[in-house]
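Understanding the architecture of this molecule
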Amino acid sequence: MTKGTKDTIQWHPAFQASIQIEFEAESEKLTFEPEHLLSKKPMQMDELIIKVAENEVIHKNIGRIFKRYNIIEYKSPDDNLTINDFYKVYGYCCFYQSDTDKICEIPPQELTITFICNHFPIKMIQHLKDFRGLDTVPIDAGIYYITGDAFPIQLLVTKELNPKENLWLQSLRKNMTNPQEIETLLREYEIKKSSKLYQAAMDVITRANWVAVKEVKANMCEALKELMAEEFQEQEELVTKRVTEEVTAQVTKQVTEQVTEQVTEEFIRTLFKNITDADKLAELLNLPVEQINKVLNK
């Protein structure tokens, strides 16, 4: 065995072998997976919000819990927040803290976790209470603090949020039925409609509540007409394209059939000049003799 330096010794393979040796007597009870990948795809947070200045105080109701580094997990209206989601995001928090060049470069006490979902996660909250001893405390409309953990954690239930305080988050759902809700959004949107952020949010909210929007379109304001103009144009263009494609296909089919029929008839007449027997010609072309005679008698 050659003598190696500290930099060239590969300790992990030896560890992987040694740990299996330690459990050799009971190896049939265990499965060993060296360097097991934690995720099938790269880990990524839905959102990371970092305070520009460490000591800044955030006054917004959903941001009062914020420290310097704030990890956000968002679930769409069709999705649920599960027990697995809690541990996944908790793991993100720990990994984000540890994945630095210096020890405690990100102080653990400067991390928070925020879960945002449309449905109150009853099973997850019960699990946290029973297994981890964490309590869930309502703070404001749709805002809950999960207390008892080293990391400050909050839960935002979008459908419960106060629309006067959190209009846009509260509107990220699929069950808007009150025309006044849409009008309130539009008054806000009309002021900010040049903003890419407002455009992106309003586009999704409109599409998610398309039926409700159509029901009030007769009385909608100019802002909504402008917002929906592109959507209506897309639908109209899609219908026009489909009709055009269908008509083109039918015309092409008819022309092709006519040309094919004409060519076939000319071919039969040309062959008959050399093969004067209709039966033999039908056998050669694998066609009914009646079809041959019909062409020849035209």
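Use the structure listed above.
The rules behind each value
Residues numbered from 1 in each chain as written. Predicted model: local features only at pLDDT ≥ 70, side-chain atom pairs only at ≥ 80, totals over all residues. Heavy atoms only, no water. Phe/Tyr/Trp six-rings, centres within 6.5 Å; stacked < 30°, edge-to-face > 60°. Helix = DSSP H or I, 4+ residues; strand = E, 2+ residues; numbered from the N terminus. Buried < 20%, exposed > 50% of the residue type's maximum accessible area, 1.4 Å probe, protein only. Pairing = 2+ DSSP bridges.

Per the counting criterion, the structure on display carries eight aromatic pairs. For the pair phenylalanine 120 and tyrosine 144, a centre-to-centre distance of 5.2 Å together with 65° between the ring planes defines the contact as edge-to-face. Of this pair, phenylalanine 120 sits in the loop between strand S3 (111-117) and helix H3 (122-132) while tyrosine 144 sits in strand S5 (residues 143-147), and the two are 24 residues apart along the sequence. A relative accessible area of 31% means that phenylalanine 120 is categorised as partly exposed. Owing to a relative accessible area of 15%, tyrosine 144 belongs among the buried residues under this scheme. Three or more aromatic residues joined by ring pairs form one cluster here, namely Phe86, Tyr87, Tyr90, Phe115 and Phe151.

Of all the five residues making up strand S6 (residues 153-157), five are buried; the element is thus mostly covered by neighbouring parts of the structure. Of the two faces of S6, the one lined by Ile153, Leu155 and Val157 and the one lined by Gln154 and Leu156 are each fully buried. Two strands pair when backbone bridges link them, and S3 and S6 are joined in this way by five bridges, in the parallel orientation. Of the residues in S6, the one forming a bridge with isoleucine 113 is isoleucine 153. Inspection of the sheet shows S5 paired to S6 by four bridges, in the antiparallel sense. What sits directly across from tyrosine 145, in S6, is glutamine 154.

On their own, these measurements won't tell you what the molecule is for.
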